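# Observations on the three-dimensional arrangement
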Amino acid sequence: MAVDKDEFFRAVTLRICSSLQINTALGRVYDYLREIFPIEFMLLDIADKTLGACRHIAAIGYENPGEILPLPEELWKWVGEMRAPFVLSASDQDKQVRAFAPRIKLEGFSDLAVPLRIEEELIGFLILRARGEGSFTNEHLDLLAVAAEPFAVVLANALAHEAEVKYRDILLDDNRFLRRELLSQAGDEIIGGSSGLGNVMEMVRQVAPLSNTVLLMGETGTGKEVIANAIHFMSPRKDGPFIKVNCGAIPESLIDSELFGHEKGAFTGAVAEKRGRFERANGGTIFLDEIGELPPQAQVRLLRVLQNREVERVGGDKPIPVDIRVIAATHRDLGAMVTENQFREDLWFRLNVFPIIVPPLRQRREDIPALTRHFVALKCREFGIGIPPSIAPGALERLTNYGWPGNVRELENLVERELIRHREGPLRFDSVPLGEKEGEPQPVREEKGEGPLRLDEAMSLHISKVLRMTEGKVHGRGGAAELLGINPSTLRGRMDKLGIVYGRAGK
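The rules behind the values
- Residues numbered from 1 in each chain as written.
- Predicted model: local features only at pLDDT ≥ 70, side-chain atom pairs only at ≥ 80, totals over all residues.
- Heavy atoms only, no water.
- Helix = DSSP H or I, 4+ residues; strand = E, 2+ residues; numbered from the N terminus.
- Buried < 20%, exposed > 50% of the residue type's maximum accessible area, 1.4 Å probe, protein only.
- Contact = heavy atoms within 4.5 Å.
- Areas by Shrake-Rupley, 256 points an atom, 1.4 Å probe, with all protein chains shown as cover.
- Pairing = 2+ DSSP bridges.
- Axes fitted to C-alpha atoms, helices over the stretch in contact; angles between N-to-C directions.
- Polar contact = N/O pair within 3.5 Å; in protein donor to acceptor, adjacent residues only side chain to side chain.
- Core = buried A, V, L, I, M, F, W, Y, C linked by side-chain atoms within 4.5 Å.
- Salt bridge = Lys/Arg side-chain N within 4 Å of Asp/Glu carboxyl O.
- Expected span 1.5 Å × (residues − 1).
- Arc of directions from axis to C-beta.
- Phe/Tyr/Trp six-rings, centres within 6.5 Å; stacked < 30°, edge-to-face > 60°.

- The protein chain appears in an unreviewed UniProt entry as GAF domain-containing protein from Oryzomonas sagensis.

### Regarding the overall build of the protein chain
- For the protein chain, the count of helices and strands is 20 helices and 13 strands.
- Counting only residues that meet the buried cut, the protein chain has 46% of its 507 residues in that class.
- Nonlocal contacts in the protein chain, meaning residues at least 24 apart in sequence, comprise 65% of its contacts between residues at least 6 apart.
- Of the accessible surface of the protein chain, which amounts to about 26400 Å², a share of 51% is contributed by carbon and sulfur atoms.

### Describing the sheet that holds strand β4 (residues 86–89)
- One open sheet holds the six strands; their spatial order is β3-β2-β1-β6-β5-β4, and the pairing between them is antiparallel. Each having just a single partner strand, β3 (68–70) and β4 make up the two edges of the open sheet. Averaged over neighbouring strand pairs, the angle between their axes works out to 25° when direction is ignored.
- One ladder, built from seven bridges, connects strand β1 (residues 41–48) with strand β2 (residues 53–60); its direction is antiparallel. By the bridge assignment for β2, Ile46 is matched with Arg55.
- Against the sheet, helix α5 (residues 138–145) touches β4, β5 (109–118) and β6 (121–131), its axis set at about 25° to β5.

### Focus: the environment of Asn23
- Note on placement: Asn23 falls in helix α2 (residues 22–33).
- Judged by its relative accessible area of 39%, Asn23 is partly exposed.
- Taking the C-alpha atoms as reference points, Asn23 and Ala58, 35 residues apart in sequence, are found 5.8 Å from one another.
- Once residues lying within four places of it in the same chain are set aside, the contact partners of Asn23 are Ala58, Ala59 and Ile60.
- At 3.4 Å, the side chain of Asn23 and the backbone nitrogen of Ala59 are in polar contact.

### Re the pairing of β1
- Most of β1 sits inside the fold, with eight of its eight residues counted as buried.
- Here β1 runs beside β6; their pairing, made up of six bridges, is antiparallel. The residue of β6 that forms the bridge with Leu44 is Leu126.

### Quick notes on the nonpolar core
- Within the largest apolar cluster, 38 residues are counted, with the highest numbers of intra-cluster contacts made by Phe8, Leu33, Phe37, Leu44, Leu116, Leu128 and Phe151.
- When residues of this core are traced back to their parent elements, those giving at least two are α1 (5–16), α2, β1, β2, β5, β6, α5 and α6 (148–183).
- Of all the elements, α2 adds the most residues to this core, at seven residues.
- If we skip the residues at most four places from it in the chain, Phe8 touches Val3, Tyr32, Leu33, Ile36, Phe37, Leu143, Leu144 and Ala147.
- The next biggest cluster of nonpolar side chains, apart from the first, holds 33 residues, and it includes Ile243, Leu259, Leu306 and Leu351.

### Digging into the pattern of salt bridges
- One pass over the structure, following the stated rule, counts 22 salt bridges.
- Close ionic contact of Lys95 with Glu74 constitutes a salt bridge, the shortest N to O distance being 3.9 Å. With Lys95 in helix α4 (residues 95–100) and Glu74 in helix α3 (residues 73–80), this residue pair connects regions lying 21 residues apart in the sequence.
- Lys95 sits in the exposed class, given a relative accessible area of 56%.
- Put simply, Asp111 and Arg129 hold a salt bridge, and the shortest N to O gap is 2.6 Å. In this pair, Asp111 is assigned in strand β5 and Arg129 in strand β6, connecting sequence segments 18 residues apart.
- With a relative accessible area of 5%, Arg129 lands in the buried category.
- Look at the salt bridges and you will find they share partners, linking Lys379, Glu382, Glu412 and Glu416 into a network.

### Thoughts on helix α16 (residues 407–421)
- Between its first and last C-alpha, α16 extends 22 Å over 15 residues, near the 21 Å set by a 1.5 Å rise per residue.
- Those residues of α16 that fall on the buried side of the exposure criterion are Asn407, Val408, Leu411, Leu414, Val415, Glu418 and Leu419. Down the axis of α16, the sector holding all buried residues measures 135°, keeping them to one side.
- Along its buried surface, α16 packs onto α14 (368–383) and α15 (395–401).

### Section: the packing of aromatic side chains
- Per the counting criterion, the structure on display carries seven aromatic pairs.
- Their ring planes at 85° and their centres at 6.0 Å tell us that Phe233 and Phe242 sit as a pair that is edge-to-face. Across this residue pair, the class does not change: Phe233 and Phe242 are buried.
- With 5.3 Å between their ring centres and 5° between their planes, Phe260 and Phe278 make a pair best called stacked. Pair noted here: Phe260 is in helix α9 (residues 255–260) and Phe278 is in helix α10 (residues 277–280), with a separation of 18 residues, a long-range link. Each member of the pair, Phe260 together with Phe278, is buried.

### Some remarks on unusual backbone geometry
- Of note, the phi angle at Glu119 is positive, near 50°, even though the residue is not glycine.
- Summarising the element assignment, Glu119 is placed in the loop between β5 and β6.
- With relative accessibility at 77%, the residue Glu119 sits in the exposed group.
- Backbone geometry places Asn407, a non-glycine residue, at a positive phi of 60°.
- Mapped onto the elements of the fold, Asn407 is located in helix α16.

Pasting the structure below:
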């Protein structure tokens, strides 16, 4: 039947663009094309360069819609050079067609294939299949060529959507991973959460379900950010944003713009409007570290946010409501700063609703062994050290008796430095000064020529050697416990006593 090309183009375009679901749109086109072409089924294929294959992205009437057709380099080059619609049949004498036909099970059928290109780049094919050879005529070829452009646009959109979904899934997976990593620092998983930080974690559990402002106080390096993480991820806001701001790290000239945003043209260089950190934290939590470093003007704006739960951008005159929780932290004495007129008294009262004091490390010495093992395991993962080195006998006692002016951060840095110096172990931490309670250190010797080893030294070295042989495996067939001929629980108890990192802590 004679078909007007303009009418055909219009009819195909309307149908292929009638739905965002590509199979639905392709089905509508298929119903229309069956009135003109003697077709059994229809395919929309991607020329996937990463796979070196043609991949079905949509199919109507075909039994295997997601099939992937890998092609050898010669056939892939041949397919990539196609520009005009062409007909394939099993009886074709062309060398490339004879090689291609068995791959697409062409025996007894004819295929009409239309290369789809965007800006000369081949992105795929539209394929119509008819039963029997010689089913397609030159008129069919000319007519279907008219519809190549709308099909190419639809295929390009489908590819873009596929890429978007892929990257969205990657981002969601990354987000889930990061959330698990942060959650592993929250609640009972915090090192010392059931011992030296027990009182702190009890206060965290009390305040986390609410939305009131929290003030974290403590010396530098005590882990106030970890406590802020715990409050956020134990709260109903855990699925919202968690925005962290170091108030002392932002220049005074930029602090208002960074925290509260600015309107276009508010100052030189403000070429576009910008959301501030408070707007970005909407629906979640904002953590203001080093709150004592805020300049006076920013203190006024912050007070307004806490009072009215709304912000005004720099250069703007319209209040923007925000649903946020504020967690502030400082190592400074804000009360003394109020007395010295360095910090606003009304802001101090607003912040000091529920203060939590994070104790320094010297006041929770019982946490030092667990923190040391934690940092050894953590740094070994960062450095790619498969089997964490052992901790020398007496080293944990040395660490426990030290004063730790730099708190947890100083301990973390010390562990990193010790691992760099002694990757094979044992970790002696002999750069730490002796505490008041500690007598003369007993050096750990590994060579027999230096004199006899103490029993705990020899045991530590032997267990560490066996762990290296088993690649860290403690229990089960071929594990260290089996090789040493003792119960796995007994072995773990001895390793804990000797400061040897293993199993869960080491991985």
